[in-house]
Amino acid sequence: MTSCGGCLHRTQARFYLAELLLAIQYLHKKGIIHRDLKPENILFDQSGYLVVADFASIDNPHTVTGVAGTMFYSAPEVIEGNAYSYGVDYYSAAILYHEMITGYVRTFPPGLSEL
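Residues numbered from 1 in each chain as written. Predicted model: local features only at pLDDT ≥ 70, side-chain atom pairs only at ≥ 80, totals over all residues. Heavy atoms only, no water.

Peer 1: Before we move on, could you go through the packing of aromatic side chains and cite the residues and values that matter?
Peer 2: Across all of its chains, the model carries three aromatic pairs by this definition. Each ring, one from Phe-15 and one from Tyr-49, has its centre 6.1 Å from the other, and the planes form 55 degrees; the classification is tilted. One end of the pair, Phe-15, is in helix α1 (residues 10-29); the other, Tyr-49, is in the loop between β2 (42-44) and β3 (50-52), and 34 residues separate them in sequence. Relative accessible area serves as the criterion here: at 39%, Phe-15 is assigned to the partly exposed category. Here Tyr-49 falls in the partly exposed class, since its relative accessible area comes to 43%. Taken together, the ring pairs in this structure connect Phe-15, Tyr-16, Phe-44 and Tyr-49 into an aromatic cluster. (Phe/Tyr/Trp six-rings, centres within 6.5 Å; stacked < 30°, edge-to-face > 60°. Helix = DSSP H or I, 4+ residues; strand = E, 2+ residues; numbered from the N terminus. Buried < 20%, exposed > 50% of the residue type's maximum accessible area, 1.4 Å probe, protein only.)

Peer 1: Give a detailed account of the environment of Phe-72, specifying residues and quantitative values.
Peer 2: Locating Phe-72 in the fold gives a position in the loop between β3 and α2 (76-79). Sequence separation between Phe-72 and Ser-92 is 20 residues, and the spatial gap between their C-alpha atoms is 8.7 Å.

Peer 1: Explain the pattern of salt bridges to me, using residue names and the numbers behind them.
Peer 2: According to the stated counting rule, one finds one salt bridge in the structure shown. With its nearest N and O atoms 3.7 Å apart, the salt bridge here joins Asp-36 to Lys-38. Here the two residues Asp-36 and Lys-38 agree in accessibility, since each one is buried. (Salt bridge = Lys/Arg side-chain N within 4 Å of Asp/Glu carboxyl O.)

Peer 1: Hey, could you go over α1 for me, with residue numbers and the actual values?
Peer 2: End to end, α1 covers 28 Å across 20 residues, agreeing with the expected 28 Å (1.5 Å per residue, within 8%). When we look at burial in α1, the residues that qualify are Ala-13, Tyr-16, Leu-17, Glu-19, Leu-20, Ile-24, Leu-27 and His-28. On its buried face, α1 is in contact with β2, β3 and α3 (87-102). Residue Gly-31 follows α1 closely and has a positive phi angle near 80 degrees. (Expected span 1.5 Å × (residues − 1). Contact = heavy atoms within 4.5 Å.)

Peer 1: So what's going on with empty space enclosed by the protein? Residues and values would help.
Peer 2: For the coordinates displayed, the defined rule picks out one cavity of 30 Å³ or more. Estimates place the volume of the largest cavity at around 30 Å³. Looking at the largest cavity, the residues that line it are Arg-35, Asp-36, Ser-74, Ala-75, Val-78, Val-88 and Ser-92. Among the residues making up the lining of the largest cavity, the classes are represented as three nonpolar, two polar and two charged. (1 Å grid on protein atoms, 1.4 Å probe; cavity = no way out; pocket = protein on both sides within 12 Å on 5 of 7 lines; lining within 4 Å. Points joined across faces, edges and corners; volume = space filled by probe spheres on them. Nonpolar A, V, L, I, M, F, W, Y, C, P; charged D, E, K, R; others polar.)

Peer 1: Describe the packing of α1 against α3, with residues and values.
Peer 2: Running from N to C, α1 and α3 point in directions that differ by 165 degrees, and their axes come no closer than 10 Å. Relative to α3, α1 is oriented roughly antiparallel. The two elements α1 and α3 meet at a crossing, and its hand is right-handed. Contacts between α1 and α3 involve Arg-10, Ala-13, Arg-14, Tyr-16, Leu-17, Leu-20, Leu-21, Ile-24, Gln-25 and His-28 from the first element and Asp-89, Tyr-90, Ala-93, Leu-96, Tyr-97, Met-100 and Ile-101 from the second. Within the contact of α1 with α3, the residues separate by chemical class into twelve nonpolar, two polar and three charged. (Axes fitted to C-alpha atoms, helices over the stretch in contact; angles between N-to-C directions. Parallel < 35°, antiparallel > 145°, perpendicular 65-115°, else oblique. Left-handed = near helix turned anticlockwise from the far one by under 90°.)

Here's what the structure looks like:
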């Protein structure tokens, strides 16, 4: 694993995770799978609340195939090119939470390149 710098306190990280989960639930209720949740796509408004951005990779069907998103935050089924559904966004949220509290970014074996 590679360190990405400082970490958030668990209380703050839990708050941001809760906001992210609410945003994911809202998207899923609308039938949308984001497929590219990563730090660069999470912004904060002037009040400090989380805003999900970059909907270029979104999809609307309930089951999707094909590779999309950023490998470091993608679920294994996305990386492998298997069929997947809404759960991939929750997987990305878990990876983001891990990164928030540990400061470590997920790594892959040599030869496995960016999506």
